[in-house]
Amino acid sequence: MRLFNCLLLAGVSSVFAEQIPTQRINEYCDYLVDRIYCYGGYSSSTTEDFYYLPVQNRQPLSVTSLSSAWVSAPVNKGKVDFQFRKSFQRISTSDHTKMLMQGGFNYGTVPLQDSFIEYDAITDTWASLPDYEGPGHGQIYKGSMCYVSSLDKYIFFGGISQHTGTQALVVDGVQYPSKSISHGNGHDIGFTHLASFDMKTLSWNTITTAVNQDPSVFSYQSSIYSSVQDTAYYFGGYYLDPKLQHQFVSFKEIHSVQFPSYTWTKYSCTGDIPSNRAEHTTTLLADGKTVLLYGGLPLAGEYCHLLDLDTRVWKKCGLDDSAIAYPNRYGHSAVLVQDKLFILFGYVIGTSQNDVLVLDVSDLNHIKFNHDYTYTGPEKPTVANIPVNTTMSNIHPVVSSAGNNNTKNDLGNTEDSSQLDPTSDSSTSNTSTIIGVTCSIIGLAFVSAGIFFFIRRKRQSAVPVTSRNSMWTNKQELQFNSQYNSTTFTGNNAQNQPNNY
């Protein structure tokens, strides 16, 4: 039995070995309980992988070492149809224990069977949720989603859609023609009205009585919700003009929705106005009134800005990025952990990325890239210390602050093998010694095999990167996007727009 346990533990250790995920774009990363989880996105293939990055180390670690500290987590799918997807609407629950993922873009002509899914970090389980069936039918992606605490509901808006059939859609008297794309048909609309989802009742509601809603339909925008102002804000991306052509939404103005009245307002901004962009991220910082804008397409100019929601004044971050190979990117994730903002994955000059960048946002007058990272927040229970059903599928190793894997049980306690059999005598002790030696040999074999496959995978995934000083042209942007999507935008800004249909 002990020999079996030894084989099992050796196998589990090899499965949970730290590794470097493949480069990817349009993934979703978020901070749950005590670690950053990442799911989905497009890499060199459409694999359905799932990773987490432990970030509660109390000892300093180099940011470079964090890139190789990811752990590949097994997917406890349950009854969920766990298909590849990217560019979905996403957010974590208010208690930071679950990831919610709705819609998304998938490959092929068959829609996602489970279009709205959740991951629970406490129970390590996936579940399917009822999907949206209001105006703008189809599989929506490139929209936005935020949690409105005053309503205790999730609010969706904008986006475009896939798998909508060949017929034109008529919404509010406007006809939107179908577009033929390589992966099913699509339309230039998603959530044409604000839509709310109630996690308690698992029910949707389309808000058709919103006040002063702009008739334009947004996509590729980002959004944040300020609980202080009880307002959702929408930034950048594209809108459809009266001729149904995509045009950039200027950062000179921000669109907002005040709750609970669902009143739309457009505000003018001043200061260092960011250039037009899409595929960027916006993060509401700890003070509750400052938004940090990072990255975006096209890859040009200043990539980091701050907006004061009270004064509506933009200013540049003024980052010293001389030691960062590729700071600017788009289609990435931005995850706030205390006063550190993690910038993960995304696309840069000629290739997608799998590095980790960490911004120190503790001083808004001096935001900077950190070269070392230390968690300074309050103690929080780790996933492994939270009681769950004792099954092998729920066992997660806890990575120590030094970056080493320590195999622990479900309660987070290191098991002492000498306590497993209190009646053992000298003969069983000798047997244990023999088995122990055997385990060591087997363990070394697993480790060697793991190192071999890691090196081979790293070589296979290595992609030559062009010089940082070589600017990526618009033609190259479109060439890349055409590799994983298929249809170009039309309109005056088409040359700068991603091809994400």
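Residues numbered from 1 in each chain as written. Predicted model: local features only at pLDDT ≥ 70, side-chain atom pairs only at ≥ 80, totals over all residues. Heavy atoms only, no water.

**Quick word on the sheet that holds strand β10 (residues 125–128)**
Argument step 1. Taken in spatial order, the 4 strands make up an open sheet running β7-β8-β9-β10, and their pairing is antiparallel. Both edges of this open sheet fall to β7 (89–92) and β10, since each of them pairs with a single strand only. If you compare each strand with its neighbour and ignore which way they point, the axes differ by 15 degrees on average. (Pairing = 2+ DSSP bridges. Helix = DSSP H or I, 4+ residues; strand = E, 2+ residues; numbered from the N terminus. Axes fitted to C-alpha atoms, helices over the stretch in contact; angles between N-to-C directions.)

**Brief notes about the pairing of strand β33 (residues 333–337)**
Argument step 1. Covered by surrounding structure in β33 are Ser 333, Val 335 and Val 337 only, the residues Ala 334 and Leu 336 on the alternate face being uncovered.
Argument step 2. Bridging between β33 and strand β34 (residues 340–344) involves 5 bridges; their strand directions are antiparallel. Each residue of the ladder has a partner; that of Val 335, found in β34, is Phe 342.
Argument step 3. Hairpin geometry of β33 and β34 is characterised by an intervening segment of 2 residues between the two adjacent antiparallel strands and by a positive phi of about 55 degrees at Gln 338. (Buried < 20%, exposed > 50% of the residue type's maximum accessible area, 1.4 Å probe, protein only.)

**Quick look at the pairing of strand β23 (residues 231–235)**
Argument step 1. Most of β23 is tucked away: 5 of the 5 residues are buried.
Argument step 2. Note that strand β22 (residues 222–226) and β23 share 5 bridges and pair antiparallel. By the bridge assignment, Ser 223 is partnered in β23 with Tyr 234.
Argument step 3. A loop of 4 residues connects β22 with β23, the two strands running antiparallel in sequence, and Asp 230 in this loop sits at a positive phi of about 50 degrees.
Argument step 4. Bridging between β23 and strand β26 (residues 253–258) involves 4 bridges; their strand directions are antiparallel. Across the sheet, Thr 231 pairs through a bridge with Gln 258, a residue of β26.

**With respect to the nonpolar core**
Argument step 1. Ile 155, Phe 156, Leu 194, Trp 204, Tyr 234, Phe 259 and Trp 264 are the most contacted members of the largest nonpolar core, which totals 30 residues.
Argument step 2. When contributions to this core are tallied by element, the ones reaching two or more residues are β12 (144–148), β13 (153–158), β19 (191–198), β20 (203–207) and β23.
Argument step 3. With 21 residues, the next largest nonpolar core counts Tyr 51, Val 55, Leu 61 and Val 337 among its residues. (Core = buried A, V, L, I, M, F, W, Y, C linked by side-chain atoms within 4.5 Å.)

**Overview of the confidence of the model for the chain**
Argument step 1. Here the chain shows a mean pLDDT of 75. Residues at 70 or above account for 70%.
Argument step 2. Confidence drops under a pLDDT of 50 for residues 1–16, and excluding neighbours within four residues, the segment shows 26 contacts in the predicted structure.
Argument step 3. Counted against residues more than four places away or in other chains, residues 385–501, with its pLDDT under 50, gives 199 contacts. (pLDDT = per-residue confidence, 0-100. Contact = heavy atoms within 4.5 Å.)

**Let's talk about the sheet that holds β19**
Argument step 1. Spatial ordering of the open sheet is given by β12-β13-β19-β20, a layout of 4 strands whose pairing is antiparallel. This sheet does not close on itself; its edge strands, each paired only once, are β12 and β20. The mean inter-strand angle of the sheet, taken between neighbouring strand axes irrespective of direction, is 25 degrees.
Argument step 2. Where β12 meets β13, 5 bridges bridge the pair, whose relative direction is antiparallel. Residue Cys 146 lies in a different strand from β13, and its bridge partner there is Ile 155.

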